[in-house]
Amino acid sequence: MNATTERTIVRPYGDTTGDGMVQVSFTLPVPHDRRAEGAALQLAAKMGLHPANVVHAKAIGDGFTFFVIYGRVSHLVDLSQVVVPERDFPMLTAKEINATIKARLRRRVNVVGACIGTDAHTVGIDAILNLKGIAGEKGLESYREFAVQNLGAQVSIPELVARAQASAADAVLVSQVVTQKDAHLHNTRAMAAAFREAYPPARRPLLLVGGPRFDERDAEALGVDRIFGRGTTPREVASYLVHALTQRRSTVER
Amino acid sequence: MNGKLNLDASVVARARALAAKAGAPVVELAKAHTTVSVERAVLRLAGVTGADPDGTPWVNRLVDAVVADVGLGNGVALPVWHAMASLGVDDPTLLAQKAAAGSVHFTVPRGRSRSAAVTASRRAVAAGLKRIDAHRRERERMVRRLGDPRQRPWIYLIVATGDIYEDIPQAQAAAKAGADVIAVIRSTGQSLLDYVPEGATREGYAGTYATQENFRLMRAALDETSRQVGRYVRLTNYASGLCMPEIAVLAGLERLDMMLNDSMYGILFRDINPIRTFVDQRFARQIHARAGIIINTGEDNYLTTADAVEAAHTVTVSQLLNEYFAHEAGLADAQLGLGHAFEINPDLPESFRLELAHALLARELFPHAPLKWMPPTKHMTGDVFRGNLLDGFFNLAGVLTGQGILLVGMMTEAIATPWLSDRDIALANVQYVRNAAANLHEDFVPAPGGFIQRRAHQVLDEAVALLERIVDDGLLNAIGDGTFGVMKRPATGGRGLDGVAERTDDYYNPASDLLERAGGRPGDAHAAE
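Description of the structure in this document.

1. Let's talk about the nonpolar core
All names here are of chain B.
Alright, step 1. Of all hydrophobic cores here, the largest spans 147 residues; its most connected members are Val80, Phe106, Phe283, Leu475 and Phe484.
Alright, step 2. At 9 residues, the largest contribution of residues to this core is made by helix α17 (residues 451–473).
Alright, step 3. Those residues in contact with leucine 475 that lie beyond four places of it in its chain are Ala22, Val26, Met264, Phe278, Leu321, Phe325, Ile470 and Phe484.

2. Structural notes on the packing of helix α6 (residues 111–146) of chain B against helix α9 (residues 244–253) of chain B
Residues and elements named next belong to chain B.
Alright, step 1. The geometry of α6 relative to α9 is characterised by a closest axis approach of 8 Å and an angle of 55 degrees between their N-to-C directions. Considered as vectors, α6 and α9 are oriented oblique to each other. On the side of α6, the interface is formed by Gly128, Arg131, Ile132 and His135, while α9 contributes Val249, Gly252 and Leu253.
Alright, step 2. Residues belonging to the contact of α6 with α9 are distributed by class as follows: 3 nonpolar, 3 polar and 1 charged.

3. Examining a nonpolar patch on the surface
Alright, step 1. Taken together, the side chains of Val77, Leu79, Val82 and Val84 of chain A present a nonpolar region at the surface, about 330 Å² in accessible area.
Alright, step 2. Residue position: valine 77 of chain A is located in strand β5 (residues 77–78).

4. Looking at unusual backbone geometry
Alright, step 1. The amide bond that connects histidine 50 of chain A to the next residue, proline 51 of chain A, takes the cis arrangement and shows omega of -5 degrees.
Alright, step 2. Position of proline 51 of chain A among the secondary structure elements: in strand β3 (residues 49–60).
Alright, step 3. Here the amide bond leading from arginine 152 of chain B into proline 153 of chain B is cis, since omega sits at -10 degrees, within 30 degrees of zero.
Alright, step 4. You can see proline 153 of chain B is positioned in the loop between α6 and β2 (154–159).
Alright, step 5. Positioned with a positive phi, arginine 255 of chain B is a non-glycine residue whose angle comes to about 55 degrees.

5. What about the packing of helix α4 (residues 77–87) of chain B against α6 of chain B?
Relative placement of two packed helices is described by the angle separating their axes and the distance separating the axes.
Residue and element names in this part refer to chain B.
Alright, step 1. Two numbers describe how α4 lies on α6: the axes approach to 8 Å, and their chain directions differ by 100 degrees. In terms of orientation, α4 lies roughly perpendicular with respect to α6. Judged by residue contacts, Ala77, Leu78, Trp81 and His82 of α4 engage Ser113, Arg114, Ala117, Val118, Ala120, Ser121 and Ala124 from α6.
Alright, step 2. Its residues placed into classes, the contact of α4 with α6 shows 7 nonpolar, 3 polar and 1 charged.

6. Re the pattern of salt bridges
Residue and element names in this part refer to chain B.
Alright, step 1. Using the criterion set out here, one finds 40 salt bridges over all chains in the structure.
Alright, step 2. Arginine 434 is paired through a salt bridge with aspartate 180; the nearest N and O atoms lie 3.6 Å apart. Residue arginine 434 is located in helix α16 (residues 420–436), and its partner aspartate 180 is located in the loop between α7 (164–176) and β3 (181–184); the two are separated by 254 residues in the primary sequence. Across the pair, exposure class does not vary: arginine 434 and aspartate 180 are buried alike.
Alright, step 3. Put simply, glutamate 350 and arginine 353 hold a salt bridge, and the shortest N to O gap is 3.2 Å.
Alright, step 4. On the basis of relative accessible area, glutamate 350 is assigned to the partly exposed category, the value being 40%.
Alright, step 5. Members of the salt-bridge network, linked through shared partners, are Arg40, Arg44, Asp194, Glu246, Arg276 and Asp280.

7. Examining the interface of chain A and chain B
Alright, step 1. The interface is formed by 19 residues belonging to chain A together with 20 residues belonging to chain B.
Alright, step 2. Note on chain A versus chain B: buried area summed over both sides is about 1,700 Å², and carbon and sulfur give 59% of it.
Alright, step 3. A per-residue breakdown of the area chain A buries against chain B is headed by Val123, Leu131 and Lys132 of chain A, which together make up 30% of the total.
Alright, step 4. For the interface between chain A and chain B, the tally reads 4 salt bridges.
Alright, step 5. For the interface between chain A and chain B, the tally reads 3 residue pairs in polar contact (both at pLDDT 80 or more).
Alright, step 6. Listed by contribution, the elements that provide at least two residues to the side of chain A that touches chain B are β2 (21–28), β3, β4 (64–73) and α4 (123–129) of chain A.

8. Concerning α4 of chain B
All names here are of chain B.
Alright, step 1. Most of α4 is tucked away: 8 of the 11 residues are buried.
Alright, step 2. Those residues of α4 that fall on the buried side of the exposure criterion are Ala77, Leu78, Pro79, Val80, Trp81, His82, Ala83 and Met84.
Alright, step 3. Count one or two residues on from α4 and you reach glycine 88, which has phi positive near 70 degrees.

Procedures and definitions
- Residues numbered from 1 in each chain as written.
- Chains lettered and ligands numbered in written order.
- Predicted model: local features only at pLDDT ≥ 70, side-chain atom pairs only at ≥ 80, totals over all residues.
- Heavy atoms only, no water.
- Core = buried A, V, L, I, M, F, W, Y, C linked by side-chain atoms within 4.5 Å.
- Buried < 20%, exposed > 50% of the residue type's maximum accessible area, 1.4 Å probe, protein only.
- Helix = DSSP H or I, 4+ residues; strand = E, 2+ residues; numbered from the N terminus.
- Contact = heavy atoms within 4.5 Å.
- Axes fitted to C-alpha atoms, helices over the stretch in contact; angles between N-to-C directions.
- Parallel < 35°, antiparallel > 145°, perpendicular 65-115°, else oblique.
- Nonpolar A, V, L, I, M, F, W, Y, C, P; charged D, E, K, R; others polar.
- Patch = residues over 30% accessible without salt bridge, like charges linked within 9 Å, V, L, I, M, F, W, Y side chains within 5 Å.
- Areas by Shrake-Rupley, 256 points an atom, 1.4 Å probe, with all protein chains shown as cover.
- Salt bridge = Lys/Arg side-chain N within 4 Å of Asp/Glu carboxyl O.
- Buried area = accessible area lost by both parts, 1.4 Å probe.
- Polar contact = N/O pair within 3.5 Å; in protein donor to acceptor, adjacent residues only side chain to side chain.

The following block contains the structure:
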């Protein structure tokens, strides 16, 4: 351990310090023959592997070859130059999420979700809310401590506000997938304004919007608490909700 | 009935009787209702095709028009064929176009007009069933000529690019590499669309839309490959979600071979209304029975949300319910791809022994069903090397316990949709195990009174206890209370409830009439005509 904390320049480790050995595998769209293996070595060289060994090559179907390469990588890693992107809330496991809500809020968190405007694509909101989830991660419905209402597509803003009020929502999630002429931005501003009008500031539910066309930095400008972009997972949203709601409890209610 | 697990035949019989008792009220409920999707399926059988310029299928436009005039509870067949007779239109698609333009007023015919509409609608639907029968015979002919895969389990592989024209070469390559069954996974969210998209599609989210044209293109491509590889390569899609009955019809019309069709999946995992689901499912299964399609049920899903050891008996309960509903709809044992999965936490001591006990229990409870064995997903991580090892054990359990259909596990399960090379590595894994341990099941006889037998007995006992509770409580209430998975789904909630109606005394459905009279078998249908 000492060795790595002191040194800032490191190389991959095979079986000897500094040997730079790595293993990679890839497929090239060429039939398996000697030329294919030459092509694999050429790619390896361009990836910085020298010397490199094709230790395994196998034809896949008619026009593809799969390779496993072992080789020495010439690149150096400078630990002092590593930048870790900061997330301003901790990622929690499902267990931690449920446990934190139970311990800190002592009640279930009410979440209302919808697609607003003319957008009929519930893919995003369903991925985050439905039990089925996305990419092997279950949606918020799977969490014992979230009470989820997914209103589906083409929900009007007044209806969304009414449903949020009726179910005492802690958070409102809005998804906008398909958009044109910045409809997703207009819809979001209108939604945020409607909630501000309908609620006193301290009672307003958290407003979260998500969709591939949003810029995550625009939250403040659009009047919402958080924006989630492409590739967001349910656990990320759940972790954020736990963070924001427990924060809010300590700042507003105490 | 002792087999390898020495199960008590009276306990097994009790489990089946309880499943029937739990399921019977739901069947009665299904018989007392219809849905927009059942009625659209009837129209599809009668030959209504295509969509309006906005992409809304004519079957949707026609059902909506009928519902606006006379409601859904009478079914659409009588109002539609009566209107056709009155207006002198002989093509129901043309009637749909006229109705969409607002130039048709629908009524429920009485007396002689009713008899005429019954006869005419039955003739139109019989023509559709005849096409399904022809496809079934074509499949039987191709299997006779080309043969089934030489070994069990059949190797089931998924393709899912979103673009049917990209799926086709991938599916063909997979079949050439050894896949016996190709499943084209659907676009995320299709199950919640209340219409079936039209035409060949090139864009989907994490899957390819199920459309009649996509079905046709893929089946044709696999026919070509089947001839090349000298075995019949089967094609699978999904009869689930809000359009289950219609997709079942399209599958029958395009000779798909297997369809995902679980009795409770849509309710639990998609929040589709329970009554909508059970009504749609019964009709879809009647179509599948007729088409000779093998259904695949979705018990694996329970284990992805609940603990695979604690919830093992919920899988057994669901299998028994799925079996009951399937038999009631006319499906034969050979058409029941009852699902289960290898989802026990691999860090648990004796996890493999537990898996064997569960897998063997399913095998012995349903000796004539081609069980569908699903790979680990929940405990797969980014460690692809460990994942490949776990998949090897999954494959071994499948071979040892005589599973019928094996969905190939991917070591990259937790990372991305499979790459070409992932699939190749996964297939090599299955083929190694299937080759190395092909007949090991002969030697695999669990010790009498040993761990595996005891565990299987325990799961069966727990299943019986749960079934007793469900019978007391009522299946719909049990679903409403969150007995399965972790979801509470009340019968009055969920999507698609507005598309459900109680049948009136005037209700007529020519497809149900023909299917129920024929008992699902094509030979009898011809006699009935």
